[in-house]
Amino acid sequence: MSIIAPSILSADFSKLGDEIKAVEAAGAGWIHIDVMDGHFVPNLTYGPIIVEASKKVTDLPLDVHLMIEKPDLLIPDFVKAGADWISVHAEACTHLNRSIQLIKSLGAKAGVALNPATPVSAIEWVLDELDFVLVMSVNPGFGGQSFIENSLDKVRKIKKMIKDRGLSTLIQIDGGVNKKTVRAIAEAGVDSFVAGSAIFGSESYEETISFLKKEIEEASN
Ligand SMILES: O=C(CO)[C@H](O)[C@H](O)COP(=O)(O)O
Ligand SMILES: [Fe+2]
């Protein structure tokens with residue numbers, strides 16, 4: 001499976017609805033929404049009202065990446081607002097299993113995100129419960145950063161764990177995905193590719209998304 005998930009962090013917020021419709025028309029699979037609280041990461045973005053507004057303009061699944069402390073307090077609001085896939089950070093959850101079960105009990109798909117410095121062992125005891133694992137390939141907080149190469153080793157390790165256990169968990173990568181980096185990322189076994197600046201900073205969303213998809217397809221042959 002290969003899903004392109006444009007991150008609206010790099011969209012033009014003065015016309016957010018049009019931006020979401022444009023990437024949907026250009027071939028996006030999910031809409032990635034980066035929620036930052038100014039504590040877990042040194043930046044502030046948006047909350048459930050932007051998820052609710054996004055839901056009104058697209059039929060695509062909304063993939064909500066929670067870069068926040070105490071996510072359990074807000075997960076019900078995000079599901080109510082229309083989040084379909086929700087990831088929490090392993091580093092932000094004292095009771096990771098509880099956060100995952102909360103997301104699933106509300107009917108959304110559950111993922112755990114790992115910062116670049118967080119080892120794969122952080123998900124060892126919850127992997128069987130997850131719909132997806134989000135491997136951060138930049139330090140979270142901002143768009144437009146450079147891809148951290150050793151993230152691919154982490155992807156390969158997680159891919160092996162998933163295979164060894166006979167699971168169908170998806171792997172998502174987030175940060176520094178662009179026309180140059182996407183092929184190696186696909187070769188490592190990623191399923192869902194978040195890209196913000198590479199898509200919203202390009203002249204043609206259609207051309208960029210088609211190029212990314214072609215690279216991913218060629219890598220899997
Ligand atoms: O979670 C994020 C940052 O914390 C974003 O999803 C990510 O950085 C996307 O931006 P880009 O593709 O420009 O690197
Ligand atoms: Fe993200």
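The shown structure was predicted, so the numbers you read here are calculated from the model rather than taken from an experiment. (Residues numbered from 1 in each chain as written. Chains lettered and ligands numbered in written order. Predicted model: local features only at pLDDT ≥ 70, side-chain atom pairs only at ≥ 80, totals over all residues.)

K.L.:
In this structure, what is going on with the overall build of the protein? I would like to understand it.
P.N.:
Helices and strands together make up the secondary structure of the protein, namely 8 helices and 8 strands. In terms of its C-alpha atoms, the protein occupies a principal-axis envelope of roughly 45 × 40 × 30 Å. By residue count, 44% of the 221 residues in the protein fall in the buried class. Counted over contacts in the protein with a minimum sequence separation of 6, partners at least 24 positions apart contribute 64%. (Helix = DSSP H or I, 4+ residues; strand = E, 2+ residues; numbered from the N terminus. Buried ≥ 20, exposed ≤ 12 C-beta atoms within 10 Å, placed from the backbone. Contact = placed C-beta atoms within 7 Å.)

K.L.:
Mind showing me how you'd approach the pairing of strand 8 (residues 192-195) here?
P.N.:
Along any regular strand the residues' side chains alternate between the sheet's two faces. What you see with strand 8 is no split at all: Ser192 and Val194 on one side and Phe193 and Ala195 on the other are buried throughout. Inspection of the sheet shows strand 1 (residues 3-6) paired to strand 8 by 4 bridges, in the parallel sense. Opposite Ala5, over in strand 8, you have Val194 as the bridge partner. Once the chain exits strand 7 (residues 170-174) it traverses helix 6 (residues 182-188) before rejoining the sheet at strand 8, and the crossover so formed is right-handed. (Pairing = 2+ DSSP bridges. Right-handed = clockwise from strand over helix to strand, strands pointing away.)

K.L.:
I keep staring at helix 4 (residues 96-105) and nothing clicks. Help me out?
P.N.:
One turn of the α-helix equals 3.6 residues, which is why residues spaced by three or four share an orientation. All of the buried residues in helix 4 are Ser99, Ile100 and Ile103. In an axial view of helix 4, the angular spread of the buried residues amounts to 100 degrees, which keeps them on one side of the axis. Residues of helix 4 that are exposed and point more than 90 degrees away from the buried face comprise Asn97, Arg98 and Ser105. Looking at the buried residues of helix 4, the elements they touch are helix 3 (75-81), strand 4 (85-89) and strand 5 (109-114). (Arc of directions from axis to C-beta.)

K.L.:
What exactly am I supposed to notice about the UniProt feature "binding site: a divalent metal cation" (unreviewed entry) in the protein here?
P.N.:
The UniProt entry lists His32, Asp34, His65 and Asp174 under the feature "binding site: a divalent metal cation" (unreviewed entry), expressed in the numbering used here. Despite a sequence span of 143 residues, these residues sit close together in the fold, their greatest C-alpha distance being 10.4 Å. Beyond its immediate stretch of four places on either side in the chain, Asp34 contacts Ser7, Leu9, Thr45, His65 and Met67. Among the secondary structure elements, Asp174 is positioned in strand 7. (UniProt positions renumbered as here; feature names shortened; annotations may be inferred.)

K.L.:
Looking at this structure, how should I read the UniProt feature "binding site: substrate" (unreviewed entry) in the protein?
P.N.:
The UniProt feature table records "binding site: substrate" (unreviewed entry) at Ser7, His65, Gly141, Phe142, Gly143, Gly144, Asp174, Gly175, Gly176, Gly196 and Ser197. For His65, the position within the fold is in strand 3 (residues 62-67). Judged by local crowding, His65 falls into the buried class, with 28 C-beta atoms found within 10 Å. His65 has contacts with His32, Ile33, Asp34, Val35, Ser87, Ala113, Leu134 and Asp174, leaving out every residue within four places of it along the chain. Take Asp174: there are 26 C-beta atoms within 10 Å of it, and that puts it in the buried class.

K.L.:
How do you make sense of the sheet that holds strand 8 when you look at a structure like this?
P.N.:
Within a sheet, neighbouring strands are paired by backbone hydrogen bonds and run either parallel or antiparallel to one another. One open sheet holds the 8 strands; their spatial order is 1-8-7-6-5-4-3-2, and the pairing between them is parallel. What marks the edges here is a single partner per strand, and that holds for strand 1 and strand 2 (31-36). Taken pair by pair, the neighbouring strands of this sheet meet at an average axis angle of 25 degrees, ignoring direction. With 5 bridges connecting them, strand 4 and strand 5 associate as parallel partners. Considered in strand 5, the bridge of Val88 is made with Val112. Against the sheet, helix 4 makes contact with strand 4 and strand 5, and its axis sits at roughly 145 degrees relative to strand 5, the strand it touches most. (Axes fitted to C-alpha atoms, helices over the stretch in contact; angles between N-to-C directions.)

K.L.:
Would you mind showing me how to read the site of ligand 1 here?
P.N.:
Of all residues adjacent to ligand 1, which total 23 residues, the nearest are Ser7, Pro140, Gly143, Gly196 and Ser197. Put simply, the parts of the chain that give the shell around ligand 1 at least two residues each are strand 2, strand 3, strand 8 and helix 7 (197-200). (Near = placed C-beta within 6 Å.)

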